[in-house]
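This is what each chain is made of:
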Amino acid sequence: PTGGYLAAFPLMAVIAGLAAERARGWLGHALGLLLAVAVDYALGVAWLATFVGLEKAVAVGMLPFLLGDALKLLLVTALAEAGLRRLRGRVLAPEA
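Read on for an overview of the structure. From a predicted model like this one, the values you see are computed outputs, not experimental measurements. (Residues numbered from 1 in each chain as written. Predicted model: local features only at pLDDT ≥ 70, side-chain atom pairs only at ≥ 80, totals over all residues. Heavy atoms only, no water.)

Here we look at the pattern of salt bridges
Selection criterion: Criterion for a salt bridge: a side-chain nitrogen of Lys or Arg within 4 Å of a carboxyl oxygen of Asp or Glu. The helix count covers DSSP runs of H or I at least four residues long, the strand count covers runs of E at least two residues long, and both are numbered beginning at the N terminus.
Summed over all chains, the structure comprises one salt bridge. Salt-bridge contacts for Asp69 lead to Lys72; the nearest nitrogen and oxygen are separated by 3.2 Å. Linking Asp69 with Lys72, this pair stays in helix α4 (residues 66-92), spanning three residues, or about one helical turn.

This is the structure in C-alpha cells:
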C-alpha cells in the first residue's frame, strides 16, 4: 500500500531540487516544496485508494500527516533561506 509514496520520492527530489536551484526567496522555495509534497500525496493516496477506497485513503494516508508536513515545510524553508543567505554572504564578501 505504500508503493505510490515510494514512487513519488524521485519526483519529489527533482521538484525540490529545481526549486532550490531556481527559486528566488523563501516563497519560491516554499512553493516548490509544497508542490513536491502535493505530488507525494497525489501518488500515495491514489495508490492506497486502489486497496481501501479513496475516502479511507485520504483519511489514513494524508489527513494525519498534513500538520506535521506543513510544520516541516516551514522549518526547511526557514533553514534553507538562512543557510543560503549565509553562503551568499561568504561568496560575495571580499577576502580579508
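Considerations on the side chain of His29
As a reminder of what qualifies: Relative accessibility thresholds used throughout: buried, under 20% of the residue-type maximum; exposed, over 50%; partly exposed, between the two (1.4 Å probe, protein chains only). Contacts described as polar in this section are N or O atom pairs within 3.5 Å, which, within protein, must combine one atom able to donate a hydrogen with one able to accept it, while residues neighboring in sequence count only if both atoms come from side chains. In what follows, a contact means two residues having at least one pair of non-hydrogen atoms within 4.5 Å.
For His29, the position within the fold is in helix α2 (residues 26-52). Looking at His29, the relative accessible area reads 6%, which means it is buried. Of note is the side chain of His29, whose polar atom sits 2.5 Å from the side chain of Glu81. For His29, the contacting residues outside a window of four places in its chain are Ala19, Ala20, Ala23, Thr77, Glu81 and Leu84.

With respect to the packing of helix α1 (residues 3-22) against α2
Packed helix pairs are characterised by how far apart their axes lie and by the angle those axes make with each other. Heads up, the rule is: Between the N-to-C directions of two axes lies an angle of 0 to 180 degrees, each axis being a line fitted to C-alpha atoms and, for a helix, fitted only over the stretch in contact. To sort the angles, those under 35 degrees are grouped as roughly parallel, those over 145 as roughly antiparallel, those from 65 to 115 as roughly perpendicular, and the leftovers as oblique. Two helices that cross are described as forming a left-handed crossing if the nearer one is turned anticlockwise from the farther one by less than a right angle, and a right-handed crossing if clockwise. Think of it as three bins: nonpolar holds Ala, Val, Leu, Ile, Met, Phe, Trp, Tyr, Cys and Pro, charged holds Asp, Glu, Lys and Arg, and polar takes everything else, Gly as well.
Running from N to C, α1 and α2 point in directions that differ by 165°, and their axes come no closer than 8 Å. Between α1 and α2, the angle is such that the two are roughly antiparallel. Between α1 and α2 the crossing geometry is right-handed. In the contact of α1 with α2, the residues fall into 18 nonpolar, six polar and one charged.

With respect to the nonpolar core
In a soluble, globular protein the nonpolar side chains are often hidden away together inside. The condition is simple: As used here, the term nonpolar core means buried Ala, Val, Leu, Ile, Met, Phe, Trp, Tyr and Cys residues forming a set that is joined through side-chain atoms within 4.5 Å.
Formed by Tyr5, Val45, Leu48, Ala49 and Ala57, the largest nonpolar core amounts to five residues. The dominant element in this core, judged by the number of residues it contributes, is α2, at three residues. Not counting residues up to four positions away in its chain, the partners in contact with Val45 are Tyr5, Leu54, Ala57, Val58, Gly61 and Met62.

Considerations on α2
Convention followed: Given a helix with a known number of residues, its expected span is that number minus one, times 1.5 Å.
Its 27 residues give α2 an end-to-end C-alpha distance of 37 Å, which sits within 8% of 39 Å, the value for a rise of 1.5 Å per residue. For α2, the set of buried residues is His29, Ala30, Gly32, Leu33, Ala36, Val39, Asp40, Tyr41, Gly44, Val45, Leu48 and Ala49. One or two residues past the end of α2 sits Gly53, with phi positive at roughly 90°.

As for α1
The condition that has to hold: Fitting axes to the seven residues that end at a residue and to the seven that start at it, the angle between those axes gives the bend at that residue.
The first and last C-alpha atoms of α1 sit 29 Å apart over 20 residues, in line with the 28 Å expected at 1.5 Å per residue. The largest bend along α1 measures about 35° and falls at Phe9, with the proline Pro10 one to four residues further on. Within α1, the full set of buried residues consists of Gly4, Tyr5, Ala8, Met12, Ile15 and Ala19.

As for the environment of Val52
Here Val52 shows up in helix α2. Assessed through its relative accessible area of 37%, Val52 is described here as partly exposed. When the C-alpha positions of Val52 and Leu35 are compared, they lie 25 Å apart, and in sequence the two are 17 residues distant.

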